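Examining the three-dimensional arrangement
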Amino acid sequence: MELEETPYAIAVIGTGPRGVTVIERLVALLVHNGEKRPVDIYAIDATEVGCGQIWRTDQPDCLLMDNSIDEIAMFSGAPDDGPARAGHGPSMKQWIYSQVLEPAGIHVGDVFYPARKVYGQYLKFVFQATQEQLPSHLRIIAIKSTVNALQKDQGIYRLQLDTGAQLPANKVVLCTGHASQIPRPDQRQLQDFADRHPALTYIPAQPAAQMPLSTIAAGDRVGVLGLGLSFYDVLMMLTVGRGGVFTTLPSNRLQYLASGREPALIVAGSRSGVPIPVRGLQQRSVNFSYTPILFTSERVLGLRCSGLLDFKRDIYPWILAEVNLVYFRTLIEQQYGHAASLDFVEQVSSSVNRFSDPLGLIKHVLRQFALETTPLLDLERKAWPFIDREFGSPQAFEQALSALVARDLEEALQGNVINPLKAAMEVLRDTRAIQRLAVDFTGLESRSHRDFVAHASHPLSFLSAGTPIHRSQQLLALLKQGLLHIIGPRTEVTTDESTGTFVFSSACVTGSDVKVDNLIDARIPKTDIANDRSELTRQLIRDGIWHSYVNVGGPPYDTGGVAISESPFHPLDRHECAEKDLYVLGIPTEHTRWFMQVGIIRPGQYGKGLGMDANDVARDIYKELAPGTSGN
């Protein structure tokens, strides 16, 4: 009697976009190449298998994506005449158009921004389509559970689940996403203060869909720390999520109609004192791909060959020059026509090797177009518009802020092709892969790396995150209504024992103090595996399988992110040896790599960014299943 062959087992821990993409790529390889060996793929997620925590499908409709449906395609290939399956399937737009009912979301012109849970539904569709059409020897096993430990025994990993069950695995891919962090001392002080005053509420940083916002009563005064993407989530949960409605007025304005269930006042602030600028109205074609002229991968690789880099000296000027190239190209097209804009780009491109200063090059060529006195775009000034200003009253600051947001909205409505500023800001998104090429895997000196994480990267991420246009329209309506108050730059939160309240204030705004009874931290915590609450992370660190990446190109800088090899991203042990049967992708590796928050793949760019990482992991796993193959 012939014994049944034991399946080769692969565990993917975390099934958000990265986990689903790895599974889809791996299955496509196995099926396409006709691999006959029995294979079990365990898809494990603590929240919801197939979409993960951030994109869970039970969150409110008011939590929207910051990407439109035109920008997302998670299968590794376009649809064909067959059913959706690993290797071939619809983009998110194609999938939505095939649905009987239009899903939750909002239209901005011809562009549709779906509710976040709709992306979760699309991810689950990708996952379920990958599960179907499988040969009998290949199984995908969905497991809703938390992995608490992962230990190797005679070449096989044993995964300990919170249910008490154990799973064996030959390979393990960790896509664990955002972690719950142990509070910092300042956060513990705020929590301790709230614990001593039962009338207060302190909600630490976490996804808005998981925040216990129902504890905040109608008529309460609420403070929100942070003005990024999570701020907008909290703002919508406390307004639209409680029955409020935005109605359209002339001139692209909105009006907020309260339900009566909202807080009496929402106070918010951050270091910069300004919300994320909105993206320009989408005017690019779906398959558009920008080709840099100045800040190119070839240039960055050449710079890295010379040794460790200083970001501000060696890299930032080229990013800034590329941004200004697009800014002035668009401006010249408006003023002088298309031929003149092409001439400008050609002159810059043909002269680049004669200039060591790329911004000097831009200024030199601008003389030919009588634009030499027009100021270059300054990304730091755009990210910190009020950093050197002081305001005599909260009203003076709010007037300046409203004018800034209104101007940004006006430019955004012109579109990301027509408007010079919004066209230029798209460059920061378009060149993220090249930015990573400069920074990732010890590209920078340790001092520069520390400064990059703490300061220099802020304009790049802040200006490129780009929330959709309707967010600024909503923000202006809430400011006008008096329901929302932005406190100012350099926001501080202190405690007042005499009144038993939290106090928001701005060092730049006279008379800005506002007392609140509820404090929400809407900032995204910095990756730091040493402060991760997860039992699995603590066990991996304790056993020496994970450790944080330390940049030793100068005074040692402990980044807090998992130390990993270059592709295919194996964790490095204490001796810097790669654990070849483990892979780590995404948020836990932040600072070893940069900007790991991106959770989408663009149509036609199946092998870039997140898709490229997933391909590399899938191919490496497949090579062991089928020795002698390339994994293509």
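Residues numbered from 1 in each chain as written. Predicted model: local features only at pLDDT ≥ 70, side-chain atom pairs only at ≥ 80, totals over all residues. Heavy atoms only, no water.

Describing the overall build of the protein chain
In terms of helices and strands, the protein chain carries 18 helices and 22 strands. A compact globule built from 632 residues would reach a C-alpha radius of gyration of about 26 Å, and the protein chain, at 25 Å, matches this within 12%. Counting the 632 residues in the protein chain, one finds 55% classified as buried. Considering only contacts within the protein chain whose residues lie at least 6 apart along the sequence, 73% involve residues at least 24 apart. A gap of 2 Å separates the mean positions of the 59 positive and 69 negative side-chain charges of the protein chain. (Helix = DSSP H or I, 4+ residues; strand = E, 2+ residues; numbered from the N terminus. Rg over C-alpha atoms; globule rule 2.2 N^0.38 Å. Buried < 20%, exposed > 50% of the residue type's maximum accessible area, 1.4 Å probe, protein only. Contact = heavy atoms within 4.5 Å. Lys, Arg positive; Asp, Glu negative; His and termini not counted. Charge placed at Lys NZ, Arg CZ, Asp CG, Glu CD.)

Description of the side chain of Ser272
Within the fold, Ser272 resides in the loop between strand E14 (265-269) and helix H6 (297-305). A polar contact is formed between the side chain of Ser272 and the backbone nitrogen of Val274, at a distance of 3.3 Å. If near-sequence neighbours (up to four positions away) are discounted, Ser272 is found in contact with Ala383, Trp384, Phe462 and Pro489. (Polar contact = N/O pair within 3.5 Å; in protein donor to acceptor, adjacent residues only side chain to side chain.)

Observations regarding the sheet that holds strand E17 (residues 501-506)
The strand order E16-E17-E18 describes an open sheet built from three strands, whose pairing is antiparallel. Sheet topology places strand E16 (491-496) and strand E18 (514-516) at the edges, where each strand pairs with a single neighbour. The mean angle between the axes of side-by-side strands here comes to 30°, regardless of whether they run parallel or antiparallel. In this sheet, E18 lies alongside E17 in antiparallel orientation, the contact comprising three bridges. (Pairing = 2+ DSSP bridges. Axes fitted to C-alpha atoms, helices over the stretch in contact; angles between N-to-C directions.)

Some points on helix H13 (residues 432-439)
H13 sits mainly inside the fold: six of its eight residues count as buried. On the buried face of H13, the contacting elements are H6, helix H7 (311-336), helix H12 (420-430), helix H14 (446-456) and helix H15 (458-465). Trailing H13 by a residue or two, Phe441 shows a phi angle of about 50°, which is positive.

Structural notes on the pattern of salt bridges
If you walk through the whole model with that rule in mind, you get 27 salt bridges. The partner of Asp521 in a salt bridge is Arg523, and the shortest N-O contact between them spans 2.9 Å. Using a relative accessible area of 2% as the deciding quantity, one classes Asp521 as buried. (Salt bridge = Lys/Arg side-chain N within 4 Å of Asp/Glu carboxyl O.)

Observations concerning the domain arrangement of the protein chain
Under the domain assignment used here, the protein chain contains domain 1 (8-55 + 131-179 + 529-625), domain 2 (185-276 + 468-521) and domain 3 (297-391 + 402-456). Between domain 1 and domain 2, the C-alpha centre-to-centre distance is 36 Å. (Domains from an automatic or database assignment.)

Regarding unusual backbone geometry
Cis rather than trans, the peptide bond between Ser567 and Pro568 has omega equal to 15°. Along the chain, Pro568 falls in the loop between strand E21 (557-562) and strand E22 (582-584). The phi dihedral of Glu576 falls on the positive side, at around 65°, and the residue is not glycine. With respect to the secondary-structure elements, Glu576 resides in the loop between E21 and E22.

With respect to the nonpolar core
In terms of nonpolar packing, the biggest core is built from 93 residues, with Phe231, Phe311 and Phe344 touching the most fellow members. Looking at which element gives the most residues to this core, the answer is H7, with 14 residues. For Phe344, the residues in contact, after removing those within four places along its chain, are Leu325, Phe328, Arg329, Ile332, Val365, Leu366 and Phe369. If you look at the next biggest cluster of nonpolar residues, it comprises 78 residues, including Val27, Leu30, Ala129 and Leu585. (Core = buried A, V, L, I, M, F, W, Y, C linked by side-chain atoms within 4.5 Å.)

Some remarks on the environment of Asp343
Note on placement: Asp343 falls in helix H8 (residues 338-351). Considering only alpha carbons, one finds Asp343 and Leu249, 94 residues apart in sequence, at a separation of 42 Å.

A few points about the packing of H7 against H8
At a minimum axis distance of 7 Å, the contact between H7 and H8 shows a crossing angle of 150°. Compared by their axis directions, H7 and H8 come out roughly antiparallel. Seen along the crossing, H7 lies across H8 with a hand that is right-handed. Across the interface between the two elements, Leu325, Phe328, Arg329, Ile332, Glu333 and Tyr336 of H7 pack against His338, Ala340, Ser341, Phe344, Val345 and Val348 of H8. (Parallel < 35°, antiparallel > 145°, perpendicular 65-115°, else oblique. Left-handed = near helix turned anticlockwise from the far one by under 90°.)

Here we look at H14
Three or four residues apart is the spacing at which side chains of an α-helix point the same way, because the helix has 3.6 residues per turn. Where H14 is concerned, the buried positions are Ser446, Ser448, His449, Phe452 and Ala456. Each buried residue of H14 lies within a common arc of 170° when the element is viewed along its axis, so the set occupies one face. Where H14 is buried, its residues meet H7, H13, H15, strand E20 (548-551) and E21. (Arc of directions from axis to C-beta.)

Examining the packing of aromatic side chains
Evaluated as defined, the whole model comprises 17 aromatic pairs. Considering the side-chain rings of Phe75 and Phe125, the 6.0 Å spacing of their centres and the 75° angle between planes classify their relative orientation as edge-to-face. Taken as a pair, Phe75 in the loop between strand E2 (39-45) and helix H2 (92-97) and Phe125 in helix H3 (residues 116-131) lie far apart in primary sequence, 50 residues in all. Here the aromatic rings of Phe391 and Phe397 are separated by 5.2 Å at their centres, their planes lie at 75°, and the arrangement is edge-to-face. In this structure, Phe391 and Phe397 share a single accessibility class: buried. Taken together through their ring pairs, the aromatic side chains of Trp55, Phe75, Trp95, Tyr119, Tyr122 and Phe125 make up a single cluster. In this structure, Arg299 packs its charged tip against the face of Trp318, placed 3.9 Å from the ring centre. (Phe/Tyr/Trp six-rings, centres within 6.5 Å; stacked < 30°, edge-to-face > 60°. Lys NZ or Arg CZ within 6 Å of the ring centre and 35° of its normal.)

Some words on the packing of helix H1 (residues 17-32) against helix H18 (residues 610-625)
Relative orientation of the contacting elements H1 and H18 amounts to 45°, with a least axis distance of 8 Å. Taken together, the axes of H1 and H18 lie oblique to each other. For H1 against H18, the interelement crossing comes out right-handed. Note on element contacts: H18 touches H1 through Leu610, Gly611, Ala614, Asn615, Val617, Ala618, Arg619, Ile621, Tyr622 and Leu625, opposite Pro17, Arg18, Thr21, Val22, Arg25, Leu26, Leu29 and Leu30.

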